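# Structure assessment
Letter by letter, the chains look like this.
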Amino acid sequence: MKKVEAIIRAEAFLSLREALCLRGFSGLTVSEAAGCGKQKGKQGIFRGNKFELQLVPRVKVEMIIDDGQVEDIIDLIVEHCSTDTVGDGKIFIYPVEDVIRIRTGERGKKAVL
Ligand SMILES: Nc1ncnc2c1ncn2[C@@H]1O[C@H](COP(=O)(O)OP(=O)(O)OP(=O)(O)O)[C@@H](O)[C@H]1O
Ligand SMILES: [Mg+2]
């Protein structure tokens, strides 16, 4: 299993969510995030604040999925979250050791779906 963590623009989330649902992915965690990338939070907007580094608001989407679904999810995220401009975000993939559904005690793959 893998964890897919995507930092995306908030306005891209709804269409991504819809696409994920249509493909049968139901479990996910979303949180508000703030951060910066290569541009150090500068969005090309002059805010009158010397050289202060800004944090740009983003949405963080986390999903635990089967190894075989990773490339599909990456394609889906790129398709729905790309505007071809700086700040579109990033996807991080991590290995996952185990998952436990608390209600049933199911573990691993059975607990993910
Ligand atoms: N190396 C990183 N580690 C953790 N979070 C990151 C990293 N790079 C980007 N992020 C997160 O992703 C958000 C969007 O990053 P962004 O898309 O601007 O990346 P970038 O490397 O600057 O690429 P681009 O040049 O396309 O803008 C950031 O605001 C931050 O929250
Ligand atoms: Mg950037």
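Residues numbered from 1 in each chain as written. Chains lettered and ligands numbered in written order. Predicted model: local features only at pLDDT ≥ 70, side-chain atom pairs only at ≥ 80, totals over all residues. Heavy atoms only, no water.

As recorded by an unreviewed UniProt entry, the protein carries the name P-II family nitrogen regulator and is attributed to Rossellomorea vietnamensis.

Take the sheet that holds strand β2 (residues 29-35) next. Read from one edge to the other, the open sheet built from four strands follows the order β2-β3-β1-β4, with strand pairing classed as antiparallel. Across the chains shown, the open sheet's two edge strands, defined by having one partner strand only, are β2 and β4 (90-95). Strand-to-strand twist of the sheet, defined as the mean angle between neighbouring strand axes without regard to direction, takes the value 25°. As paired strands, β2 and strand β3 (residues 56-65) are joined by seven bridges and run antiparallel to one another. Bridging from a neighbouring strand, Ala34 pairs with Pro57 of β3. Its contacts with the sheet place helix α2 (residues 70-81) against β1 (2-8), β3 and β4, and it is angled at close to 5° to β1. (Pairing = 2+ DSSP bridges. Helix = DSSP H or I, 4+ residues; strand = E, 2+ residues; numbered from the N terminus. Axes fitted to C-alpha atoms, helices over the stretch in contact; angles between N-to-C directions. Contact = heavy atoms within 4.5 Å.)

Neighbouring ligand 1 are 13 residues, the closest being Lys38, Gln39, Gly87, Gly89 and Lys90. The separation between an oxygen atom of ligand 1 and a polar main-chain atom of Gly35 is 3.2 Å. Look at ligand 1: alone it shows 610 Å² of surface, and the protein chains cover 71% of it. The cavity where ligand 1 resides is the largest pocket. Residues belonging to the shell around ligand 1 are distributed by class as follows: four nonpolar, five polar and four charged. (Near = heavy atom within 4 Å. Polar contact = N/O pair within 3.5 Å; in protein donor to acceptor, adjacent residues only side chain to side chain. Areas by Shrake-Rupley, 256 points an atom, 1.4 Å probe, with all protein chains shown as cover. 1 Å grid on protein atoms, 1.4 Å probe; cavity = no way out; pocket = protein on both sides within 12 Å on 5 of 7 lines; lining within 4 Å. Sits in = over half its atoms within 2 Å of the grid points. Nonpolar A, V, L, I, M, F, W, Y, C, P; charged D, E, K, R; others polar.)

Quick look at the pattern of salt bridges now. With the rule as written, the count across this model stands at seven salt bridges. Salt-bridge contacts for Lys3 lead to Glu62; the nearest nitrogen and oxygen are separated by 2.8 Å. Of the two residues, Lys3 is situated in strand β1 and Glu62 in strand β3; the sequence distance between them amounts to 59 residues. Here Lys3 falls in the partly exposed class, since its relative accessible area comes to 21%. By relative accessible area, which is 18% here, Glu62 ends up buried. When salt bridges that share partners are traced, they join Lys3, Glu5 and Glu62 into one network. (Salt bridge = Lys/Arg side-chain N within 4 Å of Asp/Glu carboxyl O. Buried < 20%, exposed > 50% of the residue type's maximum accessible area, 1.4 Å probe, protein only.)

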